[in-house]
Structure formats: C-alpha cells, structure tokens
Amino acid sequence: MAKSKLVKANDKIAEGVVNGYKKIEEGVVKGYKKIENAFVDRYLTHDGESVEDAKKRIAEQINNV
C-alpha cells in the first residue's frame, strides 16, 4: 500500500524531531559528565587517585552500606 504525502511528511518531521532530541540529550549528558568528573576530581579523590578510581571506590562504599 502506498503511503500518502501526509504520512511521508509526518514521518520526515518525526525523524527530524527524534534526531534533534538525541543531539540535545547527548549534549546534556556530556555536560553533566564533565561537571561530575570535575566535582569528583576536586572534592572526592584521595592523593594520587584518578577520577575513575574514586568513582569505583565511592560506588563500592555505597553498595556496602
């Protein structure tokens, strides 16, 4: 069955909206992770500990509570 022009136009608009949302979502997540890493680095790392190691240590402490 052939799609009407309205259905095709609606599909194209929906695809554009979804792609726009995904770009915004990726930007927000990237920004959050950047802020999160800066916070962990500044306030939660011990001497010589990397950000990733500090996150692992904190996750283990939370799971053990």
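Below: a short report on this structure. (Residues numbered from 1 in each chain as written. Predicted model: local features only at pLDDT ≥ 70, side-chain atom pairs only at ≥ 80, totals over all residues. Heavy atoms only, no water.)

1. What to know about the side chain of Arg57
- For Arg57, the location among the structural elements is in helix α2 (residues 51-63).
- At a separation of 3.0 Å, a polar atom in the side chain of Arg57 contacts the side chain of Glu49.
- Apart from the residues lying within four places of it in its own chain, the contact partners of Arg57 are Leu44, Thr45, His46 and Glu49. (Helix = DSSP H or I, 4+ residues; strand = E, 2+ residues; numbered from the N terminus. Polar contact = N/O pair within 3.5 Å; in protein donor to acceptor, adjacent residues only side chain to side chain. Contact = heavy atoms within 4.5 Å.)

2. Structural notes on the pattern of salt bridges
- Here the structure, examined in full by the defined rule, presents three salt bridges.
- One salt bridge in this structure joins Lys3 and Asp11, with 3.0 Å as the shortest N-O distance.
- Under the relative-accessibility criterion, Asp11 is labelled partly exposed at 35%.
- Note that Arg57 and Glu49 form a salt bridge whose closest N and O atoms lie 3.0 Å from each other. Take Arg57 and Glu49: they sit in the same class, and that class is buried. (Salt bridge = Lys/Arg side-chain N within 4 Å of Asp/Glu carboxyl O. Buried < 20%, exposed > 50% of the residue type's maximum accessible area, 1.4 Å probe, protein only.)

3. Quick look at α2
- Here α2 spans 18 Å end to end across 13 residues, near enough to the 18 Å set by a 1.5 Å rise per residue.
- Of all the positions in α2, only Val51, Ala54 and Arg57 are classed as buried. Axial view of α2: buried residues confined to an arc of 125°, hence all on one face. Exposed side chains of α2 directed beyond 90 degrees from the buried face belong to Glu52, Lys56, Glu60 and Asn63.
- Structurally, α2 contributes buried residues whose contacts are with α1 (5-44). (Expected span 1.5 Å × (residues − 1). Arc of directions from axis to C-beta.)

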